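Per-entry structural report
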Amino acid sequence: MSTILKNYINGQWIESKGSSLIDVVNPSTGQRICRVPAGSKKDIEDAASSANDAWGAWRNTPATQRVQYLFKMKAVLEAHTDEIAAICTHECGKTFAESKAEMIRAVENIEVACGIPTLMQSVFSEDIATGVDEFVIRQPLGVGACISPFNFPIMIPFWFMPYAIACGNTYIIKPSEKVPMTMTRIFELFETLNLPKGVLNMVHGGRETVDAILEHPFIPAISFVGSTAVAKHVYQTGALNGKRVQAQGGAKNAVVVMPDADAETTVKIIVDSAFGCAGQRCLAASVVITVGDAAEKITPKVIALAQSKKTGNGMVADVDMGPVISMESKDRILKLIQTGIDEGAELLLDGRDIKVTGFEDGNFIGPTILGKVNAESEVYKTEIFGPVLSIVNVETLEEAIELINKNRYGNSACIFTRSGAAARKFRHNTMAGNIGVNIGVAAPMAFFPFSGWKESFFGDLHGQSSHAVEFYTQTKVVIERWNDEWSRKF
Ligand code: NAD
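In this numbering scheme, every chain counts its residues from 1 along its sequence in written order. Reporting of local features is limited, given that this is a predicted model, to residues whose pLDDT is at least 70; pairs of side-chain atoms are given and counted only at 80 or more, and all residues count toward the totals for whole chains, interfaces and linings. Think of the side-chain values as coming from all heavy atoms in the structure, minus any hydrogens and water.

1. Considerations on the side chain of serine 16
Every helix listed is a DSSP run of H or I at least four residues long, and every strand listed is a run of E at least two residues long, numbered separately from the N terminus. Tracing the backbone through its elements, the reader meets serine 16 in the loop between β2 (12-14) and β3 (21-25). A distance of 2.9 Å separates a polar atom in the side chain of serine 16 from the backbone nitrogen of glycine 18. N or O atoms closer than or at 3.5 Å make up a polar contact, with two conditions inside protein: a donor-capable atom paired with an acceptor-capable one, and, for residues adjacent in sequence, both atoms drawn from side chains. A polar atom in the side chain of serine 16 sits 2.6 Å from the side chain of aspartate 43.

2. Describing the nonpolar core
Put simply, buried Ala, Val, Leu, Ile, Met, Phe, Trp, Tyr and Cys residues joined by side-chain atoms within 4.5 Å make one nonpolar core. Categorising residues by exposure relies on relative accessible area from a 1.4 Å probe, with only protein chains included: less than 20% of the type maximum marks a residue as buried, more than 50% marks it as exposed, and the intermediate range marks it as partly exposed. Judged by nonpolar contacts, the single largest core of 65 residues is most densely connected at Met73, Phe158, Tyr171 and Phe190. Domain start and stop positions are those given by an automatic or database domain assignment. If you count residues domain by domain, this core takes at least three from each of domain 1 (7-249 + 456-478) and domain 2 (253-437). With 55 residues, the next largest nonpolar core counts Val271, Ile303, Val373 and Ile415 among its residues.

3. Things to note about a nonpolar patch on the surface
By definition, no residue in a patch forms a salt bridge, and every one has over 30% relative accessible area; like charges are joined within 9 Å, nonpolar side chains (Val, Leu, Ile, Met, Phe, Trp, Tyr) within 5 Å. Here the accessible surface of atoms and residues is derived via Shrake-Rupley with a 1.4 Å probe, and residues count as covered only by protein chains that are part of the display. The salt bridge criterion pairs a side-chain nitrogen of Lys or Arg with a carboxyl oxygen of Asp or Glu, the two atoms within 4 Å. Together, Ile128, Val477 and Ile479 line one region of the surface with nonpolar side chains, adding up to about 280 Å² of accessible area. By the secondary structure assignment, isoleucine 128 is in strand β5 (residues 124-129). Of the residues examined, isoleucine 128 reaches a relative accessible area of 43% and is grouped as partly exposed.

4. Remarks on the side chain of glutamate 108
You can see glutamate 108 is positioned in helix α4 (residues 96-113). Buried and unpaired, glutamate 108 has no salt bridge, with arginine 105 as the nearest side chain of opposite charge at 4.1 Å. Dropping the residues within four chain positions of it, glutamate 108 is found in contact with Met445 and Ala446. In this tally, Asp and Glu contribute negative charge and Lys and Arg positive charge; neither His nor the terminal groups of the chain are included. It only takes one pair of heavy atoms within 4.5 Å for two residues to be counted as in contact.

5. Side note on a negative patch on the surface
There is a patch of like negative charges on the surface, built from Glu296, Glu395, Glu399 and Glu402. By the secondary structure assignment, glutamate 402 is in helix α14 (residues 397-406). In this description, the location of a charge corresponds to atom NZ of lysine, CZ of arginine, CG of aspartate or CD of glutamate.

6. Here's the deal with the pattern of salt bridges
For the structure shown, the criterion picks out 22 salt bridges. The partner of lysine 94 in a salt bridge is glutamate 102, with the nearest N and O atoms 2.6 Å apart. By the burial criterion, lysine 94 is buried, and glutamate 102 matches it. The partner of aspartate 272 in a salt bridge is lysine 268, with the nearest N and O atoms 3.1 Å apart. With aspartate 272 and lysine 268 both in helix α10 (residues 263-275) and four residues apart, the pair spans about one turn of that helix. Here aspartate 272 falls in the partly exposed class, since its relative accessible area comes to 31%. Where salt bridges share partners, they join Lys17, Lys42 and Asp46 into one cluster.

7. A short note on the sheet that holds strand β22 (residues 473-481)
Paired through their backbone hydrogen bonds, the strands of a sheet run either parallel or antiparallel. At least two bridges found by DSSP between two strands is the condition for calling them paired. With antiparallel pairing, the three strands of this open sheet are ordered in space as β5-β6-β22. If you trace the sheet from one side to the other, it starts and ends with β5 and β22, each paired once. Across this sheet, the average inter-strand angle for adjacent strands is 30°, counted without regard to direction. Only the contacting stretch of a helix is used when fitting its axis, a line to C-alpha atoms as for every element, and angles between N-to-C directions run 0 to 180 degrees.

8. Section: the site of the ligand
Residues are classed as near a molecule or strand on a simple rule: at least one heavy atom within 4 Å of it. In the region of the ligand, 30 residues are neighbours, and Ser148, Glu177, Ser227, Gln248 and Glu383 sit closest. Between the ligand and lysine 174 there is a distance of 3.0 Å, counted from an oxygen atom to a side-chain nitrogen or oxygen. Gly is put with the polar residues, along with every residue not named as nonpolar or charged; the nonpolar set is Ala, Val, Leu, Ile, Met, Phe, Trp, Tyr, Cys and Pro, and the charged set is Asp, Glu, Lys and Arg. Its residues assigned to classes, the shell around the ligand shows 13 nonpolar, 12 polar and five charged. Taken domain by domain, the shell around the ligand gets at least three of its residues from each of domain 1 (7-249 + 456-478) and domain 2 (253-437).

None of the figures reported here should be taken as evidence of function without further support.
The following block contains the structure:
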């Protein structure tokens, strides 16, 4: 019998009211490590009621006092970095170093949200008419909720939650059912913050839990991160129910390499971007578009460096790349590699048959590279979300930009060049929301919005920074007349 995880509602650990359970499996070993409730509507009803009850007092707590809990949150997470990172690696598969890096990104968002007393400030116009002033107040919405994916179990809820609660909302986090242990441990640590009961809640589950969030009348604001199909469903259903929704979806990020790019730096950065987190990063380089003779300059070097990367259990010190999340995911990726070969791509590096001694039941795929990929092929268009890099060759920067702009996704695009003019043209014309120039993973810092475009994002305000503050507040415009003569009467 393995542990069955509980929900955290109204300051207490509570068993799910649902009857089904899902196995949580260590992707390196194939072993079940615990079970998580598949969830139920009742769990969300309980969490939403508790959060709604807590909201009245929380919104009236001064922002300067609310952020004191966030300062403590930062300290408690930092004090437990290694422990949380190990749990993350255990259930998600990424390397221990990658899990620790995720933690830093989470904490940076807490740090930014600690500035809420300033970030929530608004505008004031004195004397719009004689004795009349007009101003804006930012107020919280009520209960917010975050639905997160498997690939960043620590970081992603922190793109939203610290801002939401700092602004005076109460909150529900629904972690991915594939990686629920990390957030469960984080909530155990949050108990030491002594937040008022109901301000922060966590409900486990899958589809039924998500649909209950989308329908619940107490939840006016939802942040989602996951695949495009589910992001669309969340955005549409949330909107149908009158909610504001920000839904970040899938990606297929291209990296353009110009003939003048510095080969050594470019190759190192591209290989890190493509194969870090086993390619399961929404900002991973998934396609390299070489321009002109950049193809000959970098392709053999990319293959050699990727080949040198060690695949294995992420807790082993010299391992560069962990497994993919599940056997289903591995099967799907292997099929897509075969599709690419069938469509005429050259298999430049084959990671399909990798064996990791001692971890024979893990979901490992070694770095895989497909060359001469046709931009009309399925393997080019589909999000693979695994350690597979496609290389496409074109003759001009304009062709490269056109290819990127034709893609349904627009999460990120990067260029490697020594030319300011090429970089500027790329930045200006490329239809993607996060742009990198000589950068492989264009991940915005916490004080910038995470700016996906096209089918990588549904909504208008993104996660992180001022966007998160705007998303989790509504504006109230006040017009006031104060007449001098009335005062004299007292
Ligand atoms: P997913 O869409 O399968 O799951 C995300 C969340 O949605 C989970 O909490 C899951 O329980 C829930 N869910 C799954 N199917 C559902 C359904 N039919 N109805 C309602 N809810 C459902 O995504 P994933 O596999 O966990 O994560 C990988 C995906 O997330 C990739 O496509 C990746 O690009 C994307 N991602 C995007 C970003 C970004 O910033 N744009 C960041 C990280 C991951």
